[in-house]
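Observations on the three-dimensional arrangement
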Amino acid sequence: MPHPSFEIREPVFRDLVDTDTPPEAIATGFTWVEGPVWWQGALYFNDIPARRMWKWLPEAAGPTVALDDSEFANGNTVDATGRMISCEHGGRRVIRRSDPGNPSAVEVIADRYMDKRLNSPNDVVVRSDGSVWFTDPPYGINSDAEGYPAESEIGGCHVYCALPDGTLIAVATDFDKPNGLAFSPDEQRLYVADSGAARGASFPGFDYSLPHHIRVFEVDGTTLQGGRVFAVIEPGVPDGLRVDNDGNVWTSAQDGIHCLSPEGRCLGKILLPAPTANLCFGGPAGTDMFITASDTVWRVRTTRRDAAACLRGRSVRA
Ligand code: MG
């Protein structure tokens, strides 16, 4: 019997997720966690308001502090060389953690666009050509809960691509609040969440007259085409999202994680008892899903892996 934590919309969902085993809370007691990433055999995640990065090992008794002043870091990912890339609300920049043994040692990837400071980079992915794609909503500057209050210098919330030579390109400028993003397995599509209905910590609740959807673009080099609405997400908004090696899109929502087929059909949901923000694939086989939901990190067993991690694996082997 499937556990009631899983809502099965199509039978294939039971092939994707171990729906017989309830989600397991592996770490709790935080303020508000986001940015899970599997890096060097461990799960790292950020307690954004507490300005702290945590590390969790499957065999350890509990998480340990990886970085005591994370500058309100949010989304994380891993690049082709195995280094962690992070979005810092406080520093208003995207950084590469240059020393695997020392997460505080950083290189700046992007902090300004046309001489104006970024708002507060939120989430980030790396394409196999080494370009770094990230979103820049205002959540780290429109309250003091997750950053330092300030006016937007750019005056908009864009999606950017940082090339390996340092060039920064605004690839989409028609978003309200761009948030999570991920490429399809062939990197020909880019999915980007717009969480505009969540206006920020100073505005509780959701304004459903504003965007709460995922858009999909066709990728041609550093040019995005299309951008139609791929799926409207309710309740809540899509925040973080990941694409698996079959092209299914896994997105956060207020009630947990929604799994969408490459055509945008909801195949099923992982229901969690608290507002859910981010997810990643990881674990020893890459098939564990780690989910950050309010003050808790959950683990769910799946049969799929992260599409970007599969591409990284291929490039490493090559
Ligand atoms: Mg986010």
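Residues numbered from 1 in each chain as written. Predicted model: local features only at pLDDT ≥ 70, side-chain atom pairs only at ≥ 80, totals over all residues. Heavy atoms only, no water.

**A closer look at the coordination of the magnesium ion**
Around the magnesium ion, the protein contributes the donor atoms Asn122 (OD1), Asn179 (OD1) and Asp239 (OD), at 2.1 to 2.2 Å from the metal centre. What makes Asn122 buried here is its relative accessible area of 3%. Classification of Asp239 by relative accessible area gives buried; the value is 12%. (Donors = N, O, S within 2.8 Å, 3.2 Å for Na, K, Ca; no water. Buried < 20%, exposed > 50% of the residue type's maximum accessible area, 1.4 Å probe, protein only.)

**Things to note about the environment of Gly101**
Relative to the assigned elements, Gly101 resides in the loop between strand S9 (93-99) and strand S10 (102-110). Note: C-alpha distance between Gly101 and Ala66 (35 residues apart in sequence) is 9.8 Å. (Helix = DSSP H or I, 4+ residues; strand = E, 2+ residues; numbered from the N terminus.)

**A short note on the sheet that holds strand S5 (residues 52-56)**
Strand order in the open sheet made by the four strands is S3-S4-S5-S6, with antiparallel pairing throughout. The open sheet has two edge strands, strand S3 (33-39) and strand S6 (64-67), and neither has a second partner. With strand direction ignored, the average angle separating the axes of adjacent strands in the sheet is 30°. In this sheet, S5 lies alongside strand S4 (residues 42-47) in antiparallel orientation, the contact comprising five bridges. Opposite Tyr44, over in S5, you have Lys55 as the bridge partner. (Pairing = 2+ DSSP bridges. Axes fitted to C-alpha atoms, helices over the stretch in contact; angles between N-to-C directions.)

**Here we look at the nonpolar core**
Residues Phe13, Trp250, Ile270, Met289 and Ile291 are the most contacted members of the largest nonpolar core, which totals 17 residues. Counting residues per element, the ones that place at least two in this core are helix H1 (13-16), strand S23 (256-260), strand S24 (266-271), strand S25 (278-282), strand S26 (288-293) and strand S27 (296-301). The leading source of residues in this core is S26, at three residues. (Core = buried A, V, L, I, M, F, W, Y, C linked by side-chain atoms within 4.5 Å.)

**Points about the sheet that holds S27**
Spatially, S2-S27-S26-S25 is the arrangement adopted by the four strands of the open sheet, whose pairing is antiparallel. The open sheet has two edge strands with one neighbour each: strand S2 (24-28) and S25. Direction aside, neighbouring strands of the sheet carry axes that sit 25° apart on average. Note: S26 against S27, six bridges, orientation antiparallel. Bridging across to S27, Phe290 finds its partner in Arg299.

**Comments concerning unusual backbone geometry**
With an omega dihedral of -5°, the bond running from Glu234 to Pro235 counts as a cis peptide bond. Mapped onto the elements of the fold, Pro235 is located in the loop between strand S20 (223-232) and strand S21 (241-243). In the Ramachandran plot, Met114 falls in the positive-phi region, its phi being about 50° despite a non-glycine side chain. Checked against the element boundaries, Met114 lands in the loop between strand S11 (112-113) and strand S12 (116-117). Using a relative accessible area of 63% as the deciding quantity, one classes Met114 as exposed. One non-glycine residue with positive phi stands out, namely Ser294, at about 60°. Topologically, Ser294 is positioned in the loop between S26 and S27. For Ser294, a relative accessible area of 16% translates into the label buried.

The analysis is restricted to geometry; functional conclusions fall outside its scope.
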